[in-house]
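Here is what each chain is made of, one letter per residue.
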Amino acid sequence: MKRYCLTLLVAIVTLATNAQQWEIDCSDIDGYLNWKAGIINENGEAVIIGECGPDANHYFPIIMRVTVDGEYDYRVFDTIGSNVRPSHIVQRENGTYFASAVVQPNDYGVGDVVFMIFDSDLNLVSLKSYEKPEMVIGFRQGRLLLDKDGTVVFSCGYRYQDTYGERSKPCFYRFDMNADTLSCRFVTASLPHPEATMYEYDCDKLLRNPNGDGIVVLGTGLNNGCSLLMYDYDFHYENGFQLRPAFRQSFAYAYSDHWISDNKLLIMGQMWPYEEYSRWNIGMAEVGLDGTFHRWDRVYHKQDTAIQSSPHCMAYVNDTTIYGGAWFYEVLGGESHSSVCLYNTDMELLGRKEFIEPEYGDKSDCSFVLPMMDGSCLADISTYYLNSGYKNSKLIKMRREDFNPIPCSVSEVPKEQLRATAFPNPTSGRLNIDLSEIPLDENDVRIRIFNSNGLICLDKIINGMGNLLTVDVSNLLNGAYTFQIVKGNKNIISDKFIKE
């Protein structure tokens, strides 16, 4: 099989070292480019896969490898058939890569499922296609999992028609090292079985269940809601529940890269209250496999703005460094801009970077974020220009330091020494806020700082007891800001300060 291959060195924005930020502009790759998924391989390199071609209606698989220093090479496979849309990739124990794709000759995804094996040099060594059964209209793109016995699990939604209209139900495959099927299951459950309620199944994440031989699915599932679903090794349904942390609150596009324990996940996703359908926010939650929400919080929001999490938005490095991708709309249906945020396992927003410059297009989104071994992350910022229909990508490496976290602490100061709500004002470094009249219950009081455009610069739980909150704002740009002290859903203090 012929292959088209190019090897390039990155044009780095700043001189590359393991610690520095850099950016890869992928505009030199064929006119249309859409990265779909990526992993960090055993050597600490990012391996990402997607589709590229002359336009959005004619595209081919592409795979790229990026080093921690920003050097990269890629392969385009334009001889295996048009409109092969990759969905995910994993690295197997022997160092080779296993990738999934769907042949999509039109927008309805009526084609077959394709699986590709690449060697360590990204050469395609095997290609296998599995035809859809008669009952299947088309496949929804799925996710892969390398199981502990070396087999590869694939799950996606298959669409079919019944008397109630078109639905999407789960299907599962398990493959050996040669991409041959060891087992598969197409769900055909009927009521009252819980799987029969899956009108729109879509898989955002596959995880190994640490409690035994089984898998955990994060994605759309029960009653068409974002769900956590458990299956055994042979894909028999065991348990599941919708991600609803509170009455009339719900998650969407949930994703996780971190087990807190053998039966608890830290998930990140899009949170919205039913009363404000157009006001989405980014939330995090500690969720047990029994459906219990041990803690949850809205960790990223903007005034009068809808924020959507990316489908694969979480990159866990350690308990104090979690990167998450999102995009936000100032007006629904209008321009959208990407954002990457820094969190910790206490569900605090520690910093944020937004990509609003014209070079990132009229609409952009963060397709995925990968945790690199040096503590940084690699984010894909997909760019789209409304007038031309042109879509491309920028791959950006960011360090924790690039997010300019704003530390704060609470100390005990006699009340008589406090003379103003916030001082000094203006300030060039530290801002002190009088909290003497506020009882600081644990995990109940937050500080939020907004710039003059209403963009949030800090949203953080206030830890500690005392009368004086000290916030280091030296990393903020000069200008006017508003801060809020919030207890529960009630705004306790709101005032302005000047950073000079």
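Residues numbered from 1 in each chain as written. Predicted model: local features only at pLDDT ≥ 70, side-chain atom pairs only at ≥ 80, totals over all residues. Heavy atoms only, no water.

A. Here's a closer look at the layout of surface pockets. Computed from the structure, the largest pocket encloses a volume of approximately 1,400 Å³. A breakdown of the residues in the lining of the largest pocket according to their chemical character gives 17 nonpolar, 20 polar and 11 charged. (1 Å grid on protein atoms, 1.4 Å probe; cavity = no way out; pocket = protein on both sides within 12 Å on 5 of 7 lines; lining within 4 Å. Points joined across faces, edges and corners; volume = space filled by probe spheres on them. Nonpolar A, V, L, I, M, F, W, Y, C, P; charged D, E, K, R; others polar.)

B. Up close: the nonpolar core. Core analysis: the largest hydrophobic core is formed by 23 residues, its most contacted members being Ile 433, Ile 447, Ile 449, Leu 469, Val 471, Phe 483 and Ile 485. When residues of this core are traced back to their parent elements, those giving at least two are strand 31 (408–411), strand 33 (430–434), strand 34 (445–451), strand 35 (456–461), strand 36 (468–472), strand 37 (479–487) and strand 38 (490–499). Within the second largest apolar cluster, 22 residues are counted, among which are Cys 26, Cys 52, Val 66 and Val 76. (Core = buried A, V, L, I, M, F, W, Y, C linked by side-chain atoms within 4.5 Å. Buried < 20%, exposed > 50% of the residue type's maximum accessible area, 1.4 Å probe, protein only. Helix = DSSP H or I, 4+ residues; strand = E, 2+ residues; numbered from the N terminus.)

C. Up close: the sheet that holds strand 21 (residues 264–273). Read from one edge of the open sheet, 4 strands run 20-21-22-23, paired in antiparallel fashion. For this open sheet the edge positions go to strand 20 (249–261) and strand 23 (293–300), each flanked by a neighbour on one side alone. Averaged over all adjacent pairs, the angle separating strand axes in this sheet is 25°, with direction ignored. By the bridge criterion, 6 bridges tie strand 22 (residues 281–288) to strand 23 in an arrangement that is antiparallel. By the bridge assignment for strand 23, Met 284 is matched with Asp 297. (Pairing = 2+ DSSP bridges. Axes fitted to C-alpha atoms, helices over the stretch in contact; angles between N-to-C directions.)

D. Up close: the packing of aromatic side chains. On inspection of all chains with the given rule, the structure shows 24 aromatic pairs. Each ring, one from Tyr 231 and one from Tyr 237, has its centre 5.6 Å from the other, and the planes form 80°; the classification is edge-to-face. Consider the rings of Phe 251 and Phe 293, whose centres lie 6.4 Å apart with planes at 15°: the pair is stacked. With a gap of 42 residues between them, Phe 251 in strand 20 and Phe 293 in strand 23 connect regions that are remote in the sequence. Exposure remark for Phe 251: the relative accessible area of 2% places this residue in the buried category. Since its relative accessible area comes to 15%, Phe 293 is described here as buried. Three or more aromatic residues joined by ring pairs make a cluster, and in this case those are Phe 98, Phe 115, Tyr 130, Phe 139, Phe 154, Tyr 158, Tyr 160, Tyr 173, Phe 175 and Phe 186. Lying over the aromatic face of Tyr 233, Arg 174 brings its terminal NZ or CZ to 3.6 Å of the ring centre. (Phe/Tyr/Trp six-rings, centres within 6.5 Å; stacked < 30°, edge-to-face > 60°. Lys NZ or Arg CZ within 6 Å of the ring centre and 35° of its normal.)

E. Representation of the environment of Cys 457. Structurally, the position occupied by Cys 457 is in strand 35. A relative accessible area of 16% places Cys 457 in the buried class. Discounting residues that sit within four places of it in the chain, Cys 457 has contacts with Arg 352, Ile 406, Ile 449, Phe 450, Asn 451, Leu 476 and Tyr 481. (Contact = heavy atoms within 4.5 Å.)

F. Main features of the pairing of strand 18 (residues 226–232). Strand 18 sits mainly inside the fold: 7 of its 7 residues count as buried. Here strand 18 shows no split at all, with Cys 226, Leu 228, Met 230 and Asp 232 on one side and Ser 227, Leu 229 and Tyr 231 on the other all buried. Of the pairings in the sheet, the one linking strand 17 (residues 214–220) to strand 18 comprises 7 bridges and is antiparallel in character. Directly across from Ile 215, in strand 18, lies its bridge partner Tyr 231. Taking the residues between adjacent antiparallel strands as the criterion, strand 17 and strand 18 are bridged by 5 residues, where Asn 223 takes a positive phi near 55°. Sheet topology note: the strand 18/strand 19 (residues 237–242) ladder contains 5 bridges and is antiparallel. Bridging across to strand 19, Ser 227 finds its partner in Gln 242. Turn length for the strand 18-strand 19 hairpin, with the two strands adjacent in sequence and antiparallel, is 4 residues, and the turn residue Phe 235 shows positive phi of about 70°.

G. Spotlight on the environment of Ser 126. With respect to the element layout, Ser 126 can be found in strand 10 (residues 124–130). The spacing of Ser 126 and Asn 178 is 52 residues in sequence and 8.0 Å in space, taken between C-alpha atoms. Residues contacting Ser 126, with those up to four places away along its chain left out, are Phe 115, Met 116 and Ile 117.

H. Broad picture of the pattern of salt bridges. The tally for this structure, following the rule as stated, stands at 19 salt bridges. Two residues, Glu 51 and Arg 85, come together in a salt bridge whose shortest N-O distance is 2.9 Å. Note that Glu 51 is positioned in strand 4 (residues 46–55) and Arg 85 in strand 7 (residues 84–91), a separation of 34 residues in sequence. Across the pair, Arg 85 and Glu 51 agree in class, each one buried. A salt bridge links Arg 185 to Glu 195, with the nearest nitrogen and oxygen atoms 3.1 Å apart. Taken together, the residues span a long stretch of sequence, with Arg 185 in strand 15 (residues 181–186) and Glu 195 in the loop between strand 15 and strand 16 (202–208) at a distance of 10 residues. For Glu 195, a relative accessible area of 0% puts it in the buried group. It is possible to trace a salt-bridge network through shared partners that takes in Asp 297, Arg 446, Arg 448 and Asp 459. (Salt bridge = Lys/Arg side-chain N within 4 Å of Asp/Glu carboxyl O.)

I. Quick look at the state of the cysteines. Scanning the model with the defined rule gives 0 disulfides in all. Looking at Cys 313, it has no disulfide partner, and the nearest cysteine sulfur is the one in Cys 366, 8.6 Å off. With no disulfide of its own, Cys 377 lies closest to Cys 366 among cysteine sulfurs, the gap being 8.0 Å. Since its relative accessible area comes to 0%, Cys 377 is described here as buried. (Disulfide = S-S within 2.5 Å.)

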